[in-house]
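Spelled out, the chains give:
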Amino acid sequence: MTYQCPLCHLPLQRLDKQWRCENNHQFDNAKEGYVNLLPVQHKRSKQPGDSAEMMLSRRTFLEGGHYQPLRDRLVALLNEHLRSDADALLDIGCGEGYYTSAIEQGLNASRKMQVYGLDVSKVAIRYAAKRYDQVEFCVASSHRLPFADDSLDAIVRIYAPCKAPELHRVLKSSGLVLTVAPGPRHLYQLKACIYADVQLHSDAEESLEGFERISTESLGYEMALDGKQAFDLLQMTPFAWRATEALMQSLSQREAFACETDFVISLFRRKDEVDA
């Protein structure tokens, strides 16, 4: 399988250090091993995606193992439900590759799959590609996936935005979408540091047009963090935009901080057109 040109949607071919389509649209392969398939006209800002500071905090926090139960459960679900001949999976919004690499290792222990990681953040993809060379990484929009129709066996989507028709387009018949969303009490204590009136996340089940739900489950546990870990957790979430410098300083100096996780994990299967 190969990438698809984000401008004309023709297949891209790897030629030395470039990817090129028949219309001569060219995309350089970076020395770290990733390809940038996000044209300037598709960007919503000069540097879209997470900042270097957010990426560093997320990397540090995740490598501390605080979300490892979620990572392990995702790998188990994929191994359980993927067909034995599945050969291509995409992680949308992969960030610095923490989940992507674990999925690649977990799946390829018993099969042969190419795993792709996609994110709009160039700084995150650069780090991921340098560290995890068994995964193919690209900078691209989750709303314009640079993959051909019916080309992927599965897609993992952890919080990342993407419209159902685009997921449906790139998946093979009966392809899988594995999603993670925040449950009602996810990071409740962290939110309570910022908001006087904490609103719980919605508990409404997500639906994807053109897909049937296979399963939905909750995964929750309490994390025992120190101040630095709590600071990194805040820094990697959207709540950081609302936090004052004083709050962030205070949080980082705490000796202990207990915080709940509440993940909702859903698995969907693509319906064939005749069944949709």
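So, here is what we can say about the structure in this document. (Residues numbered from 1 in each chain as written. Predicted model: local features only at pLDDT ≥ 70, side-chain atom pairs only at ≥ 80, totals over all residues. Heavy atoms only, no water.)

**Re the overall build of the protein chain**
And step 1. Within the protein chain, the regular secondary structure consists of 8 helices and 11 strands.
And step 2. Taken over the C-alpha trace, the protein chain has a radius of gyration of 19 Å; the compact-globule value for 276 residues is 19 Å, and the two agree within 12%.
And step 3. Summarising its shape, the C-alpha atoms of the protein chain cover approximately 55 × 40 × 35 Å along the three principal directions.
And step 4. Residues classed as buried in the protein chain amount to 48% of the 276 residues present.
And step 5. Long-range pairs, those at least 24 residues apart, make up 68% of the contacts in the protein chain with a sequence separation of at least 6. (Helix = DSSP H or I, 4+ residues; strand = E, 2+ residues; numbered from the N terminus. Rg over C-alpha atoms; globule rule 2.2 N^0.38 Å. Buried < 20%, exposed > 50% of the residue type's maximum accessible area, 1.4 Å probe, protein only. Contact = heavy atoms within 4.5 Å.)

**Quick notes on the pattern of salt bridges**
And step 1. Applying the stated criterion to the full structure yields 16 salt bridges.
And step 2. Several salt bridges converge on common partners, so that one network encompasses Asp-87, Asp-153 and Lys-172. (Salt bridge = Lys/Arg side-chain N within 4 Å of Asp/Glu carboxyl O.)

**Things to note about the environment of Leu-7**
And step 1. Following the sequence through the fold, Leu-7 ends up in the segment before strand S1 (13–15).
And step 2. The spacing of Leu-7 and Ala-128 is 121 residues in sequence and 25 Å in space, taken between C-alpha atoms.

**What about the packing of aromatic side chains?**
And step 1. Applying the stated rule across the entire model yields 9 aromatic pairs.
And step 2. Arranged with centres 6.4 Å apart and planes meeting at 85°, the rings of Tyr-195 and Phe-239 form a pair that is edge-to-face. Placement of Tyr-195 in the loop between helix H6 (188–192) and strand S10 (211–225) and of Phe-239 in the loop between helix H7 (227–235) and helix H8 (245–252) is noted, with a sequence separation of 44 residues between them.
And step 3. Residue classification places Tyr-195 among the partly exposed residues on the basis of a relative accessible area of 24%.
And step 4. Exposure remark for Phe-239: the relative accessible area of 12% places this residue in the buried category.
And step 5. Between Tyr-221 and Phe-263, the aromatic rings sit 6.5 Å apart at their centres with planes inclined by 50°, giving tilted as the arrangement. On the criterion of sequence distance, the pair formed by Tyr-221 in strand S10 and Phe-263 in strand S11 (residues 257–270) is long-range, its members being 42 residues apart.
And step 6. Taken together, the aromatic side chains of Tyr-3, Trp-19, Tyr-116 and Phe-147 make up a single cluster linked through ring pairs.
And step 7. Just above the ring of Tyr-188 sits the side chain of Arg-185; from NZ or CZ to the centre is 4.2 Å. (Phe/Tyr/Trp six-rings, centres within 6.5 Å; stacked < 30°, edge-to-face > 60°. Lys NZ or Arg CZ within 6 Å of the ring centre and 35° of its normal.)

**With respect to the pairing of strand S5 (residues 88–92)**
And step 1. Counting buried residues along S5, 5 of its 5 residues qualify, which places the element largely inside the surrounding structure.
And step 2. Note: S5 against strand S6 (residues 114–119), 5 bridges, orientation parallel. Bridging across to S6, Ile-92 finds its partner in Leu-118.
And step 3. Handedness of the S5-helix H3 (residues 98–107)-S6 crossover: right-handed.
And step 4. By the bridge criterion, 4 bridges tie S5 to strand S8 (residues 152–158) in an arrangement that is parallel. When the sheet's bridge partners are listed, Ile-92 is paired in S8 with Arg-157. (Pairing = 2+ DSSP bridges. Right-handed = clockwise from strand over helix to strand, strands pointing away.)

**Concerning the sheet that holds S11**
And step 1. Taken in spatial order, the 8 strands make up an open sheet running S4-S7-S6-S5-S8-S9-S11-S10, and their pairing is mixed. In this open sheet, the two edge strands, each paired with only one partner strand, are strand S4 (35–36) and S10.
And step 2. Bridging between S10 and S11 involves 14 bridges; their strand directions are antiparallel. The residue of S11 that forms the bridge with Phe-211 is Arg-270.

**Section: the sheet that holds S1**
Note: strands within a sheet are paired through backbone hydrogen bonds, in either parallel or antiparallel orientation.
And step 1. Taking strand neighbours across the sheet as the criterion, the 3 strands line up as S1-S2-S3 in an open arrangement whose pairing is antiparallel. The open sheet has two edge strands, S1 and strand S3 (26–28), and neither has a second partner. With strand direction ignored, the average angle separating the axes of adjacent strands in the sheet is 30°.
And step 2. Strand direction decides the pairing type here: strand S2 (residues 18–20) and S3, joined by 3 bridges, are antiparallel. (Axes fitted to C-alpha atoms, helices over the stretch in contact; angles between N-to-C directions.)

**Focus: H3**
And step 1. Most of H3 is tucked away, with 8 of its 10 residues classed as buried.
And step 2. Every buried residue of H3 is listed here: Tyr-98, Tyr-99, Thr-100, Ser-101, Ala-102, Ile-103, Glu-104 and Leu-107.
And step 3. On its buried face, H3 sits against helix H1 (52–63), helix H2 (68–81), S5, S6, strand S7 (136–139) and S8.

**Structural notes on helix H4 (residues 122–131)**
And step 1. All of the buried residues in H4 are Ala-124, Ile-125, Tyr-127, Ala-128 and Ala-129.
And step 2. Buried residues along H4 sit in contact with H1, S6 and S7.

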